[in-house]
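What follows is the residue order along each chain.
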Amino acid sequence: MNPKNVVFKKICKDKSVAVYMGRRDFVDRVDSVDPVDGVILIDPEALQGRKVFVTLSCTFRYGRDDMDVMGIAFRRELYLSTRQVYPALQDREKGTHTRTQAKLLRKLGQDAYPFFFETRRGIEPARPQCAVEFEIHAFSAESQDAKIRKRSSVKLTIRKVQYAPETEGAAPSVETTRDFVMSDKPLHVKASLDKEIYYHGDCVKVHVIVTNHSSKTIKNVIVSVDQVSTVVLYSNDCYVKSVAIEEPGDSVSPGATLQKVYTLLPLLANNRERRGIAVDGKLKHEDTNLASSSIVKDGVLKEVMGIMVSYRIMVKLIVAGSVAPFEVGVEIPFKLMHPKPDAGDELEEEMEFQEFKRSYLKGMNEDEDEEGNVSGGDDIAPKEK
C-alpha cells in the first residue's frame, strides 16, 4: 500500500470557495516560524464575478468569551495580512512555495490557486482566560473592503506550536537551609529532578531529601506541579495553578531524615473542569494538551509573546509552630513540551483528503463556525490528474 499524505480541507456553504492545507499546526522554531501555506479551490460559476481573498490574522484576547462587553474583555489584533487569490495577481508558479502546494495544484486543476504567508516571531497560545488565536479566513466579495457574506466564507483556526529543543541543560536541583529560633541546628531540604525537559504525558519524579536537625516537627510534605501563565503584552498579570499534586501525609520528627521519590503526572485530563488553566487549543478537542513551556530567543522582547507559560515543582514542608504551622519550601523550574517529530522522507505519497476540523471528545458539541461549513461533496471534489 502506498503511503498517504493527509491534506485538510474546508468548504464554504455555497461551495464557491474551498481551502486545502497540508497541516493545521505550524512550528515556532525560536529563530523563525514556519510559513502558512495552502491552496484555494474556486467555483467560477458560483462566484458570479466576485473576487476571492484569504486573510491570516492573529488576535489576542484577555478575558473569557462570555464576559460582558462593557470594557471588561480585551481584544487586540496583533497581526493581519490579506492576499487576493482570484483573479490571480501573479503566475501560479511564482506563488507556489512548497511541494505540497505544487502537488495540490496539479491534482485540483486550473481553478486552484496558492496562498502563502510569512508570520513574525512570537505570540504563544494559551486559553481560556487569555487566548492568542491564529485564523485563516477565505472569502469571496466584490472587493476586499466589501461586506462579507457568511455563506461565501470559510474560517480555519490553526495553531502555532513549539517542540522541545534537541539539547537540554543539566537536571535541575535546588536546596535550602532554614534556621529556627530556639533550635541549635537547622532544617535542610534538597529536591531534584531526573531531567530538565519532560514531554506531555510523562511522569515527573521528584527526589526529596529532608534532613531535620532542628527541634521542629514537619507535619506534612506537599509536592505539586504549578503552571505559571504571565500576560506580558500589556499587564504582567500572573496566574499560578497547580496541575498535579501529591500530599501523602509524610511527617519528619526532630533529628530524623526523610528520603523519598514523589511521582506526579501533569495532564489536562485531570484539570478539564478547572478555570484558569492554560491549554494549547479548545478543551473539547481530543488533541488539546496543557500549554507547553514558552521558549524565547535571547534578545527578543517577551512582550511580543503575548503570554508566557512556564512550569515549576513546588515542595512545601508544613512545620509545626508554637502558635500556628508555617511553610518552608523550594521550587524547581522545568520545561513541559512536545517531542520533536521525526522528519519524514519527502516521497510522492498519495493524497488523502480529510475534514479540517479536529476530533471532539465524546459528548462534546461542535463549534457553531465549524457546523456552518460543509464537507466537500462530489460536485466539488478534486478531479484526478
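Right above here is the structure, for reference.
All values derive from a computational prediction rather than experimental measurement.

A.B. asks: Could you clarify how one ought to interpret the sheet that holds strand S13 (residues 204-212) in this entry?
C.D. replies: Each strand in a sheet pairs with its neighbour through backbone hydrogen bonds, running either in the same direction (parallel) or in the opposite one (antiparallel). As summarised here, the arrangement of the four strands in space is S10-S11-S13-S16, forming an open sheet in which the pairing is antiparallel. Each edge of the open sheet carries a strand with a single partner, namely strand S10 (173-178) and strand S16 (257-264). Taken over all neighbouring pairs, the strand axes of this sheet differ in orientation by 15 degrees on average, direction set aside.

A.B. asks: Would you explain the nonpolar core in this entry?
C.D. replies: Buried together is how nonpolar side chains tend to be arranged in soluble globular proteins. Judged by nonpolar contacts, the single largest core of 40 residues is most densely connected at Val206, Ile313, Leu317 and Phe334. Put simply, the parts of the chain that give this core at least two residues each are strand S11 (187-193), S13, strand S14 (218-231), strand S15 (237-246), S16, strand S17 (307-319) and strand S18 (326-337). Sorting elements by how many residues they give to this core places S17 first, with seven residues. Sequence-distant contacts of Ile313, that is, excluding residues within four places in its chain, are made with Leu193, Val204, Val206, Val223, Ser224, Val225, Val330, Glu331, Ile332 and Phe334.

A.B. asks: Even after reading the chapter, I still don't get the sheet that holds S14, so can you show me in this structure?
C.D. replies: The five strands lie next to each other as S12-S18-S17-S14-S15, forming an open sheet whose pairing is mixed. The sheet terminates laterally at strand S12 (197-199) and S15, the two strands that pair on one side only. Mean inter-strand twist for the sheet, computed between neighbouring axes without regard to direction, equals 40 degrees. Note: S12 against S18, three bridges, orientation parallel. Residue pairing for S18: Ile197 is matched across the bridge by Lys335.

A.B. asks: Please clarify how the pattern of salt bridges should be interpreted in this entry.
C.D. replies: Here the idea is simple: oppositely charged side chains can pair when their charged atoms come close. For the structure shown, the criterion picks out seven salt bridges. Put simply, Asp202 and Lys195 hold a salt bridge, and the shortest N to O gap is 3.9 Å. By relative accessible area, Asp202 is classed as partly exposed at 23%. In this structure Lys195 comes out as partly exposed when scored by relative accessible area, which is 31%. The partner of Lys260 in a salt bridge is Asp250, and the shortest N-O contact between them spans 2.9 Å.

A.B. asks: Please explain unusual backbone geometry as it appears in this structure.
C.D. replies: The linkage connecting Tyr86 with the following residue, Pro87, adopts the cis geometry, with an omega of -5 degrees. Position of Pro87 relative to the elements: it lies in the loop between strand S6 (74-86) and helix H2 (92-95). Here Lys15, not a glycine, exhibits a phi torsion of approximately 60 degrees, which is positive. Looking at the element boundaries, Lys15 is found in the loop between strand S1 (4-11) and strand S2 (17-21). If you check the backbone angles, Gln48 has positive phi at about 55 degrees while not being a glycine. In this fold, Gln48 is placed in the loop between helix H1 (44-47) and strand S5 (51-62).

Thresholds applied
Residues numbered from 1 in each chain as written. Predicted model: local features only at pLDDT ≥ 70, side-chain atom pairs only at ≥ 80, totals over all residues. Heavy atoms only, no water. Pairing = 2+ DSSP bridges. Helix = DSSP H or I, 4+ residues; strand = E, 2+ residues; numbered from the N terminus. Axes fitted to C-alpha atoms, helices over the stretch in contact; angles between N-to-C directions. Core = buried A, V, L, I, M, F, W, Y, C linked by side-chain atoms within 4.5 Å. Buried < 20%, exposed > 50% of the residue type's maximum accessible area, 1.4 Å probe, protein only. Contact = heavy atoms within 4.5 Å. Salt bridge = Lys/Arg side-chain N within 4 Å of Asp/Glu carboxyl O.

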